[in-house]
Amino acid sequence: MNARNNVKRPSDQSLDARLVLAAARLRFAAHIDFLVARWLERCAANAEAAQRLFKTDRKPKHKSGMGASLVVSSPRWDESS
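The structure displayed is predicted, hence computed values, not measured ones. (Residues numbered from 1 in each chain as written. Predicted model: local features only at pLDDT ≥ 70, side-chain atom pairs only at ≥ 80, totals over all residues. Heavy atoms only, no water.)

**Quick word on the overall build of the protein**
Stage number 1. Summing up its helical and strand segments, the protein has 1 helix and 0 strands in all.
Stage number 2. By residue count, 2% of the 81 residues in the protein fall in the buried class.
Stage number 3. Within the structure as shown, the protein displays about 8,200 Å² of accessible surface, and the carbon and sulfur contribution to it stands at 59%. (Helix = DSSP H or I, 4+ residues; strand = E, 2+ residues; numbered from the N terminus. Buried < 20%, exposed > 50% of the residue type's maximum accessible area, 1.4 Å probe, protein only. Areas by Shrake-Rupley, 256 points an atom, 1.4 Å probe, with all protein chains shown as cover.)

Right, here's the structure in full:
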């Protein structure tokens, strides 16, 4: 019985190195794009939080109405209590 196995194994198939490199380059670029997008989202969230934290209260603090007060409003405490 001389049966031959004509099915090519994955190790027997020749791979074009250019195609493998191109695919790896695309995966790497997609991963870098994802990381940069996530970093930019964090930067934007931090900038928004900083703007909310240092937002100045433009209402006059005293009844005399002398200019704007520089009270820092913060979501961490309730100023009305």
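**So, a nonpolar patch on the surface**
Stage number 1. Residues Phe28, Ile32, Phe34, Leu35, Val36, Trp39 and Leu40 make up a contiguous nonpolar surface patch of roughly 680 Å² in combined accessible area.
Stage number 2. Position of Trp39 relative to the elements: it lies in helix α1 (residues 17-53). (Patch = residues over 30% accessible without salt bridge, like charges linked within 9 Å, V, L, I, M, F, W, Y side chains within 5 Å. Salt bridge = Lys/Arg side-chain N within 4 Å of Asp/Glu carboxyl O.)

**Structural notes on the pattern of salt bridges**
Stage number 1. Taken as a whole and judged by the stated rule, the model has 1 salt bridge.
Stage number 2. Put simply, Asp16 and Arg18 hold a salt bridge, and the shortest N to O gap is 3.4 Å.
Stage number 3. You can call Asp16 partly exposed: its relative accessible area is 32%.
Stage number 4. Residue Arg18 is classed as exposed on the basis of its relative accessible area, which comes to 66%.

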